[in-house]
There are 2 protein chains.
Amino acid sequence: MNAIDRLTALLTKLPGIGKKSAGRMAYYILDADPSYAGFLAEQLSTLHTLIKRCSVCGSFTETDPCPICSDPGRDPAIICVVERAQDVRVIEESREFQGRFHVLGGLIAPLEGVSPEDLSIGQLLNRVRRDNVKEVILAMNPTVEGDTTALYLQKLLKDTNAEVTRLASGLPVGGDLEYTDRLTLSRSFRGRIRM
Amino acid sequence: MNAIDRLTALLTKLPGIGKKSAGRMAYYILDADPSYAGFLAEQLSTLHTLIKRCSVCGSFTETDPCPICSDPGRDPAIICVVERAQDVRVIEESREFQGRFHVLGGLIAPLEGVSPEDLSIGQLLNRVRRDNVKEVILAMNPTVEGDTTALYLQKLLKDTNAEVTRLASGLPVGGDLEYTDRLTLSRSFRGRIRM
C-alpha cells in the first residue's frame, strides 16, 4: 500500500465519500501545489485544539461560551434544540432565529443504544428553569428518532413555564405533490394553515 | 473566520465537493476521534515527498521507475497513452492491459493554452523508437480535446513502426439506447462489429 492508497483509504471514511471520490480527491491533492496539502494538514492538526464545545449550549466554538451564547442581542428566553452542532450552522444561515441554541448531542434511539442519559437533557432543563425560558423550539429532524426525542422532551418540559413548539413538517418549498412521499403529505395535511 | 470555516474553505477546493459536503466533512472530522485528523494531517504532509513522477512513464510512484515500468512481465512493446496519472489506476483495476503506460500530462487544448509542447509527447516518441514499440493504444477520453490529441499523436506516430489504436467508443455496458446521447450513438454505429 503506497502513500496514495493510504490517503485514499482515510478519505473514504468521510461522509458521502466513496472509493472513487476519495481516489479523485487524493490525485487532485497530488496534482495541486504542495502548499495546498500543507495548509490542509495544518488545519487538521490544529482543529481539535482550537475548537471546543460551548459549555452552555454544546455547539462547536473557539471561545467559551460561544459567540451566540455570549451575544446580548440574542434572546436567552427562546431556546432552539437541535440534534448536532452542525445543525446550528444550518439554522444560523437561514437568519430566521434570534434566540439561543441547545445541542442534544444525538437522538433517543434504543436500538442503537442511545438513551436519554446519553444526551444533554439535564443541562437543557437547568437552562430552561434558570433563564426562565418562554419557548423551547424542538428542531430535531422529522424522523422516527427525532419525533421520539421531541415527544420525550415535551413531556419533561411540561413542568416548566416554557411553551414547547416543533418545526413545521410538510411540503418543501418548490416541491411537487407528485413526488412527495405519503408521510410528508399526511403531515402537511394535518399541519395545514388557514390562509 | 474560525478553524471550522478555514477547514471547510480548503475542502471546498476538492473535486466534486461543494460548500455543503465540505461542511459535512469538517464536522465529521471534528466529531470523530482526533486521531483521525492526525492521521490525515500526517498523510497529507508526507504525500509530496513520498510520491514522485516515474521518469519513464510519468505516473505517480514511490519508486523510480514505477512498479509497472520495472516489471519484466509487462510487455514494453505495447504502450497505452493516457491523459492523467489517475487514468493508469483505472485501467489497472480493469486488469485488461498487460503492457506499459505513458502519461501525457494533459490534452491539447488551444483555448486553454495547452499546446503539444506542454505534454510529454517527445518522451513518448523516444520510447516508441527506442523500445521498438509494436502498438500504441490511445486511451484519452472520447472528448473534443481527447480526439484532437489522439489525431495529433496518430500523425506523429506514422513515422514509427508502431500500429496506433484508439479505445472503442460506444454504448456503455448495461446502458440504454433511450438515454444515450446522439454522438455516442453515432459512434457506436460507426464502430459496430460483426457478430
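As the structure is a prediction and not an experimental result, all values here were calculated from the model. (Residues numbered from 1 in each chain as written. Chains lettered and ligands numbered in written order. Predicted model: local features only at pLDDT ≥ 70, side-chain atom pairs only at ≥ 80, totals over all residues. Heavy atoms only, no water.)

Some details on the environment of Val114(B)
All names here are of chain B.
Here comes step 1: Looking at where Val114 falls in the secondary structure, it is placed in the loop between β4 (99-103) and α5 (121-130).
Here comes step 2: Sequence-wise, Val114 and Ile137 are 23 residues apart; in three dimensions their C-alpha atoms are separated by 22 Å.
Here comes step 3: Look past the residues within four positions of Val114 in its chain and what remains in contact with it is Leu107, Ile108, Ala109 and Leu119. (Helix = DSSP H or I, 4+ residues; strand = E, 2+ residues; numbered from the N terminus. Contact = heavy atoms within 4.5 Å.)

A closer look at the packing of aromatic side chains
All names here are of chain A.
Here comes step 1: Enumeration over the complete set of coordinates arrives at 6 aromatic pairs over all chains.
Here comes step 2: Each ring, one from Tyr28 and one from Tyr36, has its centre 6.0 Å from the other, and the planes form 85 degrees; the classification is edge-to-face.
Here comes step 3: Residue Tyr28 is classed as partly exposed on the basis of its relative accessible area of 31%. (Phe/Tyr/Trp six-rings, centres within 6.5 Å; stacked < 30°, edge-to-face > 60°. Buried < 20%, exposed > 50% of the residue type's maximum accessible area, 1.4 Å probe, protein only.)

A closer look at the side chain of Thr61(A)
All names here are of chain A.
Here comes step 1: Assignment of secondary structure puts Thr61 in strand β2 (residues 60-61).
Here comes step 2: Here Thr63 takes part through its backbone oxygen, which lies 2.6 Å from a polar atom of the side chain of Thr61.
Here comes step 3: Each residue touching Thr61, except ones within four places of it in the same chain, is listed here: Leu50, Ile51, Lys52, Arg53, Cys54, Cys66 and Pro67. (Polar contact = N/O pair within 3.5 Å; in protein donor to acceptor, adjacent residues only side chain to side chain.)

A closer look at the sheet that holds strand β5 (residues 135-138) of chain A
Residues and elements named next belong to chain A.
Here comes step 1: Taken in spatial order, the 4 strands of this open sheet run β4-β3-β5-β6, and their pairing is parallel. Strands at the two margins of the open sheet, each flanked by one partner only, are β4 (99-103) and β6 (163-166). Put simply, the sheet's adjacent strands are angled 25 degrees from each other on average, direction ignored.
Here comes step 2: With 4 bridges joining them, strand β3 (residues 75-82) and β5 adopt parallel strand pairing. Pairing of Ile78 across the sheet is with Glu135, part of β5.
Here comes step 3: Here helix α4 (residues 85-94) sits on the sheet and contacts β3 and β4; the angle it forms with β4, its principal contact strand, is near 155 degrees.
Here comes step 4: Packing of helix α5 (residues 121-130) onto the sheet brings it into contact with β3, β4 and β5, and relative to β4 it is tilted by some 155 degrees. (Pairing = 2+ DSSP bridges. Axes fitted to C-alpha atoms, helices over the stretch in contact; angles between N-to-C directions.)

Comments concerning the environment of Leu7(B)
Here comes step 1: Secondary-structure assignment places Leu7(B) in helix α1 (residues 3-11).
Here comes step 2: With near-sequence residues (within four places) excluded, Leu7(B) lies in contact with Leu40(A), Gln43(A), Leu44(A), Leu47(A), Ala26(B) and Ile29(B).

Side note on the packing of helix α2 (residues 19-31) of chain A against helix α4 (residues 85-94) of chain B
Here comes step 1: Put simply, α2(A) and α4(B) touch, their axes get as near as 10 Å, and they point 150 degrees apart. Between α2(A) and α4(B), the angle falls in the class roughly antiparallel. Every pair of crossing elements has a handedness; the one defined by α2(A) and α4(B) is right-handed. Every residue of α4(B) that contacts α2(A) at Lys19(A), Tyr27(A) and Asp31(A) is listed here: Ala85(B), Gln86(B), Arg89(B) and Glu93(B).
Here comes step 2: When the residues that make up the contact of α2(A) with α4(B) are grouped by side-chain class, the tally is 2 nonpolar, 1 polar and 4 charged. (Parallel < 35°, antiparallel > 145°, perpendicular 65-115°, else oblique. Left-handed = near helix turned anticlockwise from the far one by under 90°. Nonpolar A, V, L, I, M, F, W, Y, C, P; charged D, E, K, R; others polar.)

Comments concerning the confidence of the model for chain A
When pLDDT drops low, the exact placement of atoms in the prediction is not to be read closely.
Here comes step 1: On average, residues of chain A carry a pLDDT of 92, and 100% of them reach 70 or more.
Here comes step 2: Quick note on the complex model: pTM equals 0.79, ipTM equals 0.80. (pLDDT = per-residue confidence, 0-100.)

Re the side chain of Ser188(B)
Residues and elements named next belong to chain B.
Here comes step 1: Along the chain, Ser188 turns up in helix α7 (residues 182-190).
Here comes step 2: Of the polar contacts made by the side chain of Ser188, one reaches the backbone oxygen of Leu185; its length is 2.8 Å.
Here comes step 3: Not counting residues within four places of it along the chain, the set of residues in contact with Ser188 comprises Ser169, Gly170 and Leu171.

Some details on the interface of chain B and chain A
Here comes step 1: With 43 residues of chain B at the contact, the number on the chain A side is 43 residues.
Here comes step 2: Summed over both partners, the interface of chain B with chain A buries about 4400 Å², with 69% contributed by carbon and sulfur atoms.
Here comes step 3: Counting the surface chain B buries against chain A, the share from its top three residues, Tyr27(B), Leu44(B) and His48(B), is 15%.
Here comes step 4: Remark: the boundary between chain B and chain A carries 6 salt bridges.
Here comes step 5: A salt bridge links Glu93(A) to Lys19(B), with the shortest nitrogen-to-oxygen separation between them at 3.8 Å.
Here comes step 6: Residue assignment for the side of chain B that touches chain A shows that the elements contributing at least two residues are α1, α2 (19-31), α3 (34-50) and α4 of chain B. (Buried area = accessible area lost by both parts, 1.4 Å probe. Salt bridge = Lys/Arg side-chain N within 4 Å of Asp/Glu carboxyl O.)

Considering the pairing of β5(A)
A regular strand carries its side chains on alternate faces of the sheet.
All names here are of chain A.
Here comes step 1: Sheet topology places β5 next to β6; 4 bridges connect them, and they run parallel. Along β6, the bridge assignment pairs Leu138 with Arg166.
Here comes step 2: A crossover links β5 with its parallel partner β6, the connecting element being helix α6 (residues 144-157), and its sense is right-handed. (Right-handed = clockwise from strand over helix to strand, strands pointing away.)

With respect to the sheet that holds strand β5 (residues 135-138) of chain B
Residues and elements named next belong to chain B.
Here comes step 1: Spatial ordering of the open sheet is given by β4-β3-β5-β6, a layout of 4 strands whose pairing is parallel. Two strands lie at the open edges of the sheet, namely β4 and β6 (163-166), each paired on one side alone. Within this sheet the neighbouring strands show an average axis-to-axis angle of 25 degrees, counted without direction.
Here comes step 2: Relative to β4, strand β3 (residues 75-82) runs parallel, the two being bridged by 5 bridges. Looking across to β4, one finds that Val81 is bridged to His102.
Here comes step 3: On the sheet, α5 packs against β3, β4 and β5 and is oriented at approximately 155 degrees with respect to β4.
Here comes step 4: Here helix α6 (residues 144-157) sits on the sheet in contact with β3, β5 and β6, set at roughly 170 degrees to β6.

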